Amino acid sequence: MNAAVHAGGLVKSFGRAKALDGLDLTVKTGEVHGFLGPNGAGKTTTIRILLGQLRADGGQVALLGGDPWRDATELHRRLAYVPGDVTLWPSLTGGEVIDLLGRARGGLDPRQRAELLERFELDPRKKCRTYSKGNRQKVALVAAFASDAELLILDEPTSGLDPLMEAVFNECVLREKRAGRTVLLSSHILSEVETLCDRVSIVRAGRTVESGTLADLRHLTRTSVTAELIGPAPGLAVLPGVHNLTVDGARLRCQVDSDALTPVLAELARAGVRALTTQPPTLEELFLRHYEGATR
Amino acid sequence: MTGTMTGTMTGTMTGTGTLIRLILRRDRVLLPVWIAITALLPASIASATTDLYAHQAARDSFAAASASNPAQLAMRGPIYDASVGGLTAWTLGSSLALFGGLISILLMIRHTRVEEETGRRELLASGVIGRHAPLAAALAVVLAANLLLGLLSVPGLVAGGLPAGSSLLFGLSTAAGGWAFAAVAAITGQLTASSGTARGIAIAAGGLLFALRSLADTGGIGWLAWLTPFGWVRLTRPYAGDQWWVLGLVAVFVTALAVAAFALSTRRDLAGGLIPARPGPAEGTLPGAFGLAARLHRGTLAGFTIGFGALGALLGVAARGLNTQLDTPQFRELAATLGGAEARLSDVFFTFVMYVLSQLVAGAALVSALRARGEEAAGRADLLLSTPVGRLRWALSHLVFAVMSPVLLLTALGAAAGLTFDGDVARVTGATLAYLPAVWTVVGIATLLFGLLPRLTAAVSWTALGLFLLVDLLAEFKLATGIVLDLSPFVHVPATLLGSASSPAAPLLGLTIVAVALTAAGLAFLRRRDLTPSA
């Protein structure tokens, strides 16, 4: 069993609204897996099924080799979860909540707890009532990172954190990864996923639209090419796989399908190149392409 | 009263209209139901009184019996006039003030402090909403709703043949009860950052003010009644001399408290309280789900236990002199019909009062029973249930306190009453604890709903308890009989003090079985359903 999470064809409806419509998700043990999608795509619903809080209407799902609904209590010994919208007990302090969750998960490392509190700059003596959204999120994050869970399920964990804290968060995730833990990270923040994740799954409207390593997914998109040429390159316009070609004197810009790069470069070389920049597709472009699908 | 402030506070009132529409939209079911039920009740009680006591002689003897019944004095006060109108006003005056007061408190806190605590107010406050607009909007809606239900009760009374002027005064007195406690809650909503505490302080103040009126009427200390809204709503004396000016007292009271509430609201931060939050421990010792539940329930339980203990002590004192003081032929006759020739007057008193108070205990137990759903709705259960804490264990951790709550409260009530009455703690405590299975049944209903209809749990549970109260009231006027009456679990509790039931154990066992079955079914459904946060 080398998949921490394996879900196939998940279906879940709330009344007439279909939240999941055949969603697939595989998270390999030891990887950081990005779970990407716009709001309402079904990310949180999937996570709540994985946590045994919702029962799927259809499809199969296995979590750490068990059934997340039937074996919830047993499986929860081995995971830690940070909800996207952290609500805490208003009359308890942050420190009390961290210790409560830690104890419930079978204890946490006090050294790590202290270190994390310091790095996240969280005052554990304050009542949760007085915490901001970001600080409530930090409480849940400290509790999760200080546990020795083998699987971390993080639902848009940085949505309330400032950039400095996001950096601390990134370090923590990388440390978990080095320690061999599995992380499922749902997000719509692409830079976060780009720096952290080994593989990503992109969901839209309750279905998985793409899944694979970032390299796998990049082949689906186009490379931006900007060049300053010595001579004209008339053949470029008729090459298949070249898009949005603009020529401004000697400057040329276009977008090229990954499998058309070789003939394009040959054509450019024939014309003579003074300067050349190519940019890999950003995840933004990946993302936009899938979102545009909705309106197309 | 918001009108008088407009001159100085125009800017801070901006957006009140928008917020009023928001409140009306959110409570579009609750408000009409509450208004309709309360507005219809007076006419139905008046017509039932006409049917039951058709002749003046019958009404006179009923009034004489009631006037010498200390339990009736404690709950409803004296009868000012034995006419149909006078008896209707007496029957409903205190109950409507209690009911309207409670709903007004809940609504006020819901639309002021809860909004701040949940952070929803922040979203609105960043828009074009003046500092005073939220409080003004909540007060406007709650005051208007009370006024409306008071006015709507008038046509029914007039159609039943009662004088229009007095009926209007009765309607306005009903509204006044709600007004007074809307104003009280306007203040308590400013004091603490926690909506639960704000609600608790307001309800405790209501209990104290009610006890004050009770003491005034049972202890013969008439002037005390002038110090409490529960006194005022009776002292307007509709159908018995119509003292309109007493409404002026209510107006002064409401205006003063509202002005104070607005003043307080300018002295604090959004979502802050006047009582500042202190830092707490940096490390926690809560051992798990049960420890957390204990922590969440302990404040409420302690408060209720002290409250019911104080109430019991008060009742014990009030009952002390009864056996000699009220030893009238009428009352002995009443005691004899209820509990046999040997029945002591004080026992009749306790039996009456415990019957009513047990339903208040059920309300307190319901607060504990609904806590688990509250945790789920707020999304806090999600986090805890992602740990190895299983759903059943989590639900049980809260259920334990809902089950323990009536044990504590009924013991406190009975023990304190027995202690201050004649020192025989066991006897009165036995009588109060007899209500345990009935209260557990209410807890069972809430647990069943929690498993079956999570979104409607709180609303339907409170409605069920309200219906039991209504059934009891209607039963008194023979408007509810047979199977309808049997629906209320409280009806089946034997009056152990009067020794009326030959085998008190049978109904108690039956109720306990019903309670256990409801609870077990609720837990079984809970294990099978999806977690449903309210968002």
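Residues numbered from 1 in each chain as written. Chains lettered and ligands numbered in written order. Predicted model: local features only at pLDDT ≥ 70, side-chain atom pairs only at ≥ 80, totals over all residues. Heavy atoms only, no water.

1. Observations concerning the overall build of chain A
Looking only at helices and strands, one finds 10 helices and 13 strands in chain A. Judged by the C-alpha coordinates and their principal axes, chain A covers about 70 × 45 × 35 Å. The contacts in chain A between residues at least 6 apart in sequence include a share of 68% that link residues at least 24 apart. When the accessible area of chain A is evaluated, it comes to approximately 12,900 Å², of which 50% is carbon and sulfur surface. Each charge class in chain A can be summarised by its mean position, and for the 37 positive and 36 negative side chains these summaries are 4 Å apart. (Helix = DSSP H or I, 4+ residues; strand = E, 2+ residues; numbered from the N terminus. Contact = heavy atoms within 4.5 Å. Areas by Shrake-Rupley, 256 points an atom, 1.4 Å probe, with all protein chains shown as cover. Lys, Arg positive; Asp, Glu negative; His and termini not counted. Charge placed at Lys NZ, Arg CZ, Asp CG, Glu CD.)

2. Details of the confidence of the model for chain A
When pLDDT is averaged along chain A, the result is 87, and 93% of the positions lie at 70 or above. At the low end of the mean pLDDT range in chain A sits helix 10 (residues 283-295) of chain A, at 62; at the high end sits strand 6 (residues 151-155) of chain A, at 95. (pLDDT = per-residue confidence, 0-100.)

3. What to know about the sheet that holds strand 2 (residues 17-28) of chain A
Residues and elements named next belong to chain A. Here we have three strands laid out as an open sheet, ordered 2-1-4, and antiparallel in their pairing. Each edge of the open sheet is held by one strand with a lone partner, namely strand 2 and strand 4 (58-63). In this sheet, neighbouring strand axes are inclined to one another by 15° on average, regardless of whether the strands run parallel or antiparallel. Bridge count between strand 1 (residues 3-14) and strand 4: five bridges; the pairing is antiparallel. Residue pairing for strand 4: valine 5 is matched across the bridge by leucine 63. On top of the sheet, helix 1 (residues 43-50) reaches strand 1, strand 2 and strand 4; it is set at about 65° to strand 2, its chief contact. (Pairing = 2+ DSSP bridges. Axes fitted to C-alpha atoms, helices over the stretch in contact; angles between N-to-C directions.)

4. Some words on the pairing of strand 9 (residues 207-213) of chain A
Residue and element names in this part refer to chain A. With six bridges joining them, strand 8 (residues 199-204) and strand 9 adopt antiparallel strand pairing. Its bridge partner being in strand 9, valine 203 is matched across the sheet by threonine 208. Between strand 8 and the antiparallel strand that follows it, strand 9, lie two residues; alanine 205 among them carries a positive phi value of about 50°.

5. Describing the domain arrangement of chain B
Residue and element names in this part refer to chain B. The domain architecture assigned to chain B consists of domain 1 (15-273) and domain 2 (291-535). Placing the centre of domain 1 and that of domain 2 at their C-alpha centroids yields a distance of 24 Å. Of the residues lining the interface, 20 residues belong to domain 1; the matching set on domain 2 comes to 20 residues. Buried area between domain 1 and domain 2, both sides added, is near 1,900 Å², and the carbon and sulfur share of it is 81%. Linking domain 1 with domain 2 are zero salt bridges, by the criterion used here. (Domains from an automatic or database assignment. Buried area = accessible area lost by both parts, 1.4 Å probe. Salt bridge = Lys/Arg side-chain N within 4 Å of Asp/Glu carboxyl O.)

6. Looking at the interface of chain A and chain B
How big an interface is tends to be reported as the loss of accessible area on association of its parts. With 36 residues of chain A at the interface, the matching set in chain B holds 38 residues. At the boundary of chain A with chain B, total buried surface from both sides reaches about 3,200 Å², with 57% on carbon and sulfur atoms. Considering only the surface of chain A that becomes buried against chain B, Gln53(A), Trp89(A) and Glu96(A) emerge as the three largest contributors, covering 19% of it. Among the salt bridges present, the one from Glu96(A) reaches Arg295(B), with a minimum N-O distance of 2.7 Å. Between the two partners, chain A and chain B, sit 17 residue pairs in polar contact (both at pLDDT 80 or more). (Polar contact = N/O pair within 3.5 Å; in protein donor to acceptor, adjacent residues only side chain to side chain.)

7. Digging into the nonpolar core
Core analysis: the largest hydrophobic core is formed by 102 residues, its most contacted members being Phe120(A), Phe145(A), Phe169(A), Phe350(B), Trp394(B) and Phe490(B). Not counting chain neighbours up to four residues away, the residues in contact with Trp394(B) comprise Ala372(B), Glu375(B), Glu376(B), Ala381(B), Leu384(B), Leu385(B), Val389(B) and Phe450(B). The next biggest cluster of nonpolar side chains, apart from the first, holds 55 residues, and it includes Leu107(B), Ala137(B), Val142(B) and Leu224(B). (Core = buried A, V, L, I, M, F, W, Y, C linked by side-chain atoms within 4.5 Å. Buried < 20%, exposed > 50% of the residue type's maximum accessible area, 1.4 Å probe, protein only.)

8. Things to note about the sheet that holds strand 6 of chain A
Residues and elements named next belong to chain A. Taken together, the six strands give an open sheet; going across it, the order is 5-6-7-3-8-9, and neighbouring strands pair in mixed fashion. The outermost strands of the open sheet, each flanked by one partner alone, are strand 5 (79-82) and strand 9. Along the sheet, successive strands turn relative to each other by an average axial angle of 15°, direction set aside. By the bridge criterion, five bridges tie strand 6 to strand 7 (residues 182-187) in an arrangement that is parallel. Note on strand 7: the bridge partner recorded for leucine 154 is leucine 185. Across the face of the sheet, helix 1 comes into contact with strand 3 (32-36), strand 5, strand 6, strand 7 and strand 8 while running at roughly 150° to strand 7. Helix 5 (residues 133-145) contacts strand 5 and strand 6 of the sheet and is inclined by roughly 170° relative to strand 5.

9. A short note on helix 20 (residues 391-421) of chain B
All names here are of chain B. With 31 residues, helix 20 extends 45 Å between its outermost C-alpha atoms, agreeing within 8% with the 45 Å of an ideal straight helix rising 1.5 Å per residue. At methionine 404, helix 20 is deflected by roughly 25°, the largest bend along its length, and proline proline 406 occurs up to four residues later in sequence. Just beyond helix 20, the residue with positive phi is glycine 423, at close to 85°. (Expected span 1.5 Å × (residues − 1). Bend = angle between axes of the 7 residues up to and from the residue.)

10. Observations concerning helix 9 (residues 133-159) of chain B
Compared with an ideal rise of 1.5 Å per residue, which puts 27 residues at 39 Å, helix 9 of chain B spans 40 Å between its outermost C-alpha atoms and is within 8% of the ideal. Following helix 9 of chain B by one or two positions, Gly161(B) has its phi on the positive side, about 95°.

11. Things to note about the side chain of Thr532(B)
Residue and element names in this part refer to chain B. Its place among the elements puts threonine 532 in the segment after helix 25 (505-528). A polar contact is formed between the side chain of threonine 532 and the side chain of arginine 529, at a distance of 3.3 Å. Within the structure, threonine 532 has its side chain in polar contact with the backbone oxygen of aspartate 530 (distance 3.0 Å). For threonine 532, the residues in contact, after removing those within four places along its chain, are Arg373, Glu376, Ala377, Pro454 and Arg455.

12. Details of the environment of Ala431(B)
Residue and element names in this part refer to chain B. Of note, alanine 431 is situated in helix 21 (residues 425-433). Each C-alpha atom of the pair alanine 431 and leucine 208 lies 24 Å from the other, and the pair is 223 residues apart in sequence. Contact partners of alanine 431, with chain neighbours within four places excluded, come to Thr496 and Leu497.

13. Points about the domain arrangement of chain A
Taken domain by domain, chain A consists of domain 1 (3-217) and domain 2 (222-280). Between the C-alpha centres of domain 1 of chain A and domain 2 of chain A the distance comes to 43 Å.

14. Concerning the pattern of salt bridges
All names here are of chain A. Overall, the coordinates contain 28 salt bridges over all chains when judged by the stated rule. One salt bridge in this structure joins glutamate 150 and arginine 78, with 3.0 Å as the shortest N-O distance. With glutamate 150 in the loop between helix 5 and strand 6 and arginine 78 in the loop between helix 2 (72-76) and strand 5, the pair connects residues that are 72 residues apart, well separated along the chain. On the basis of relative accessibility, which here comes to 37%, the residue glutamate 150 falls in the partly exposed class. Overall, arginine 78 belongs to the partly exposed group, its relative accessible area being 31%. Through salt bridges with shared partners, a single ionic network connects Glu115, Arg119, Glu171 and Arg175.

15. Notes on the packing of helix 4 (residues 110-119) of chain A against helix 6 (residues 163-178) of chain A
Residues and elements named next belong to chain A. As a packed pair, helix 4 and helix 6 sit with axes 10 Å apart at the nearest point and diverge in direction by 150°. By the angle between their axes, helix 4 is roughly antiparallel relative to helix 6. Across from Gln112, Glu115, Leu116 and Arg119 in helix 4, the residues of helix 6 making contact are Met165, Val168, Glu171, Cys172 and Arg175. Here the residues of the contact of helix 4 with helix 6 sort into four nonpolar, one polar and four charged. (Parallel < 35°, antiparallel > 145°, perpendicular 65-115°, else oblique. Nonpolar A, V, L, I, M, F, W, Y, C, P; charged D, E, K, R; others polar.)

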